[in-house]
Amino acid sequence: MTNHPEFIDHTGNAGRDSGYLLPSGAPVQLISPDGSPAPEGGYKENYSLPDHQMLLDGYERLVVGRRVNDQANALVRQGRMAVYPSSTGQEACQVAADMCLRPSDWLFPTYRDTVAILGRGVDPMEAFESLRGDWHAGFDPHQYNTGLPTTPLATQLLHAVGVAHAAKLRGEDTVVLALCGDGASSEGDFHEALNFAAVFHVPVVFLIQNNQYAISVPLIHQSVAPSLAHKAVGYGMPGERVDGNDLAALLAVLGSAVERARDGGGPALVEAHTYRMESHTNADDATRYRSAAEVAQWVPKDPLLRLQKYLADAGHLATADTERIAASAESMAKVLRDGLNAETVLDPADLFRFVYTEPTPQLRAQSSQLAAELAAGQSLEGALP
Amino acid sequence: MTTMAHKAQAETPAAEAELSGVQTITFAKALTLAMSDAMAADAAVLVFGEDVGTLGGVFRVTDGLTRRFGEDRCFDTPLAESGIVGMATGMAINGMKPIVEMQFDAFAYPAFEQITSHVAKMGNRTRGRVRLPLVIRIPYAGGIGGVEHHCDSSEAYYVHTPGLTVLTPSTVTDAYIMLRDAIASPDPVVFMEPKKLYFSKDTVDLDALRARYAAGSTAPSTIGRAAIAREGTDATLIAYGPSMAAALAAAETAAAEGRSLQVIDVRSLVPYDDETISAAVRSTGRAVVIAEAPGFASMAAEIAARIQERCFHSLAAPVLRVTGFDIPYPAPRLEKHYLPGVDRILDAVDELQWEES
Ligand SMILES: Cc1ncc(C[n+]2csc(CCOP(=O)(O)OP(=O)(O)O)c2C)c(N)n1
Ligand SMILES: [Mg+2]
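Since the model is a prediction, treat every value here as computed from it, not as a measurement.

Reading the values: rules and limits
Residues numbered from 1 in each chain as written. Chains lettered and ligands numbered in written order. Predicted model: local features only at pLDDT ≥ 70, side-chain atom pairs only at ≥ 80, totals over all residues. Heavy atoms only, no water. Contact = heavy atoms within 4.5 Å. Buried area = accessible area lost by both parts, 1.4 Å probe. Salt bridge = Lys/Arg side-chain N within 4 Å of Asp/Glu carboxyl O. Polar contact = N/O pair within 3.5 Å; in protein donor to acceptor, adjacent residues only side chain to side chain. Pairing = 2+ DSSP bridges. Helix = DSSP H or I, 4+ residues; strand = E, 2+ residues; numbered from the N terminus. Axes fitted to C-alpha atoms, helices over the stretch in contact; angles between N-to-C directions. Donors = N, O, S within 2.8 Å, 3.2 Å for Na, K, Ca; no water. Buried < 20%, exposed > 50% of the residue type's maximum accessible area, 1.4 Å probe, protein only. Parallel < 35°, antiparallel > 145°, perpendicular 65-115°, else oblique. Left-handed = near helix turned anticlockwise from the far one by under 90°. Domains from an automatic or database assignment.

**Concerning the interface of chain A and chain B**
So, step 1. Taken together, the contacts link 42 residues of chain A with 35 residues of chain B.
So, step 2. Both faces considered, chain A and chain B share a buried interface measuring about 3300 Å² in area, 61% of it formed by carbon and sulfur atoms.
So, step 3. The largest per-residue losses of area from chain A upon contact with chain B belong to H136, H221 and R288 of chain A, which jointly make up 21% of the total buried on that side.
So, step 4. Scanning the region where chain A abuts chain B turns up 3 salt bridges.
So, step 5. Of the charged contacts, one joins D134 of chain A and R333 of chain B as a salt bridge, the two residues approaching to 2.7 Å between their closest N and O atoms.
So, step 6. Counting the contacts that link chain A with chain B gives 11 residue pairs in polar contact (both at pLDDT 80 or more).

This is the structure:
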């Protein structure tokens with residue numbers, strides 16, 4: 001790109017070259033799918049491999065995340081949950097998001113990000129409360145600095161910007177990482193969020209998990225931009241693309257964006273290339289819109305396989321590590337099984353308790369009505385006082 | 001490569017032969033047939049939205065339309081509801097008759113501005129010079145164990161917005177004819193489909209239904225016309241869409257107990273059929289309005305007020321409402337406490353100041 005020193009733009013920059021906003025020429029990859037170190041990629045930044053301890057920690061989180069997906073997929077088939085949007089194949093994105101944040105930072109997840117939510121330390125049964133159909137959200141966002149999993153697409157991105165803006169005004173060094181899907185990048189709120197973040201120069205990192213599909217709709221029907229990461233440029237923030245099945249590359253790219261945001265460098269957009277290995281949710285049938293051959297192509301790109309090979313080849317995955325990791329995955333699976341197989345007792349009076357800080361007179365009356373109706377049959381733990 | 005670059009495979013008439021004659025079909029299939037018949041009859045009719053092409057919609061209501069009519073006529077859009085309705089508005093300005101699908105009730109909200117500021121107002125702003133013959137299909141209401149944002153009864157937002165025609169069928173026959181009437185309407189229609197009825201079935205004579213739309217047919221439009229779903233003499237239950245099944249079941253139970261309840265299916269929320277509904281209530285002198293939406297400032301409130309204004313001297317008791325509570329739609333395991341059911345309806349009927357006999 002050429003400089004035009006005679007031209008001063010509305011931000012006051014004289015002929016500034018905007019090339020630094022563009023993503024690298026190809027998705028950043030540090031470990032090849034076969035587990036060997038990737039060849040030097042000539043990316044826009046010098047991303048270096050995280051150390052082995054970090055990768056081993058990440059590998060454990062991946063294995064646990066995969067086990068969470070497998071177990072939840074089984075439990076939803078057994079009717080123990082209302083719905084489960086699986087993130088099998090996308091665990092590296094979610095694990096990297098968690099690992100780049102401090103506990104004091106914030107994460108804003110979607111419905112598909114249960115693995116990331118658990119990685120923030122959210123109590124598993126609280127994390128699954130909405131998926132099992134007991135309530136709309138199971139945890140206190142402030143306890144975990146984690147937003148509620150959000151279904152109306154892209155809407156949470158603006159909340160992330162708001163939390164970051166407030167943090168900036170309050171003088172906190174918080175960084176906010178906001179997740180969304182490739183499909184969500186078409187929604188108006190996505191664009192408003194990026195623009196607000198850039199205009200207010202707030203510490204938000206947007207991570208698009210581009211899993212190639214929005215339910216049945218492939219990315220080509222969603223966008224014909226060179227990449228989703230390129231969308232950053234129009235808002236004046238840097239974009240980057242990364243192999244979303246390479247945990248090492250994700251840690252490097254997201255880590256760099258998070259630290260830059262923390263240092264006052266403003267927002268960034270990262271697009272992670274990954275694949276949704278399962279149907280959209282248990283209610284969907286992906287065979288209606290994609291071939292088994294296409295899915296099979298992604299099997300060897302699995303994020304767990306490649307990190308396992310890399311660590312093993314480097315001599316950093318001892319049998320003891322493998323056993324410890326398997327045990328921790330199993331214990332998480334057991335927590336989910338035990339928790340989701342247990343019957344929860346719900347109080348119908350809760351329906352009226354939280355709509356307002358103080359229930360309105362009308363809600364009190366309606367609560368009493370329901371209590372009276374239930375009095376004959378099952379017991380209600382008391383209407384509102 | 002663009003969305004339109006891949007043409008659907010050539011039409012295969014044998015494989016796509018449409019049903020005809022007397023058939024047992026689902027509510028969803030009746031909607032599909034209404035669209036495909038309208039598309040076959042008029043090249044200006046288009047279908048688009050999220051997952052409506054290859055997948056055939058998350059409820060399969062658009063199943064087969066892309067195969068039969070090609071990707072120019074039924075296609076997936078980028079994932080943006082304001083975009084979908086806004087583009088439909090432009091297409092309607094330029095000679096098309098779009099039918100757009102909002103995937104679920106609550107996912108129509110990003111399109112609210114387009115619907116309320118433009119779709120609803122275009123005819124009036126232009127002194128009638130620009131009419132928008134478009135249909136916005138919205139699966140709505142609960143009773144399916146859906147998680148949050150998938151079960152809203154959002155009809156009040158639309159009925160409150162002057163300029164929108166708002167329809168909601170509750171039978172397989174009405175699914176077909178009301179959607180055809182909506183497509184034929186010169187005004188924009190918000191077409192609300194009770195999602196728990198999608199897989200309900202009935203046996204219908206498709207040839208007779210189609211004959212209503214043949215050239216020269218004088219069959220009246222359903223727009224603005226309520227239907228009497230069950231005759232009765234003691235009291236009138238007034239319901240629509242997702243609440244019809246409970247109203248009819250309540251009438252059945254009441255009949256066994258010796259009370260004759262008339263049931264009205266409002267079905268055309270706007271324009272509203274004052275004439276039929278008022279006459280019905282005058283004939284019985286008692287009325288209960290039933291709707292799944294929260295009752296406060298709702299369609300049910302409007303119906304009750306209109307009956308009171310028009311039938312006061314015929315009423316033996318105040319008009320009562322049985323509605324959803326004034327709360328966000330509950331999570332799946334609590335929805336049974338929310339939905340207006342037979343018991344609540346019969347309790348209300350019992351309160352209609354019956355003289356001891
Ligand atoms: C505003 C809005 N419109 C439609 C939907 C219905 N819906 C849920 S998920 C989804 C696809 C989203 O795709 P993407 O953003 O790529 O995320 P993914 O599911 O692939 O993780 C759709 C259309 C929704 N939740 N919100
Ligand atoms: Mg996606």
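From this point, the discussion proceeds with the structure in view.
**Examining the sheet that holds strand β7 (residues 268–273) of chain A**
All names here are of chain A.
So, step 1. Spatially, β1-β2-β3-β7-β6 is the arrangement adopted by the 5 strands of the open sheet, whose pairing is parallel. Each edge of the sheet is formed by a strand with only one pairing partner; in this case those strands are β1 (106–108) and β6 (239–243). With direction set aside, neighbouring strand axes in the sheet form an average angle of 20 degrees.
So, step 2. The pairing of β1 with strand β2 (residues 176–181) spans 3 bridges and is classified as parallel. Bridge pairing in β2 places F108 opposite A178.

**Digging into the coordination of the magnesium ion (ligand 2)**
All names here are of chain A.
So, step 1. Protein-derived ligands of the magnesium ion (ligand 2) are D182 (OD), N211 (OD1) and Y213 (O), with the metal-ligand distances lying across 2.0 to 2.1 Å.
So, step 2. Considered as a linear motif, the donors of the magnesium ion (ligand 2) on their single chain read D-x28-N-x1-Y. In terms of burial, N211 and Y213 fall into one category: buried.

**A look at the packing of helix α7 (residues 155–169) of chain A against helix α8 (residues 188–199) of chain A**
All names here are of chain A.
So, step 1. Following both chains from N to C, one finds α7 and α8 inclined at 15 degrees, their axes separated by 7 Å at the closest point. Looking at the two axes, α7 sits roughly parallel to α8. Of the two possible hands of crossing, α7 and α8 adopt the one that is left-handed. For the pair α7 and α8, the contacting residues are T155, L157, L158 and V161 in the first and D189, F190, E192, A193, F196 and A197 in the second.

**Some words on the domain arrangement of chain A**
So, step 1. In terms of domain boundaries, chain A breaks down into domain 1 (18–341) and domain 2 (350–383).
So, step 2. On a C-alpha basis, the centroid separation for the pair domain 1 of chain A and domain 2 of chain A is 40 Å.

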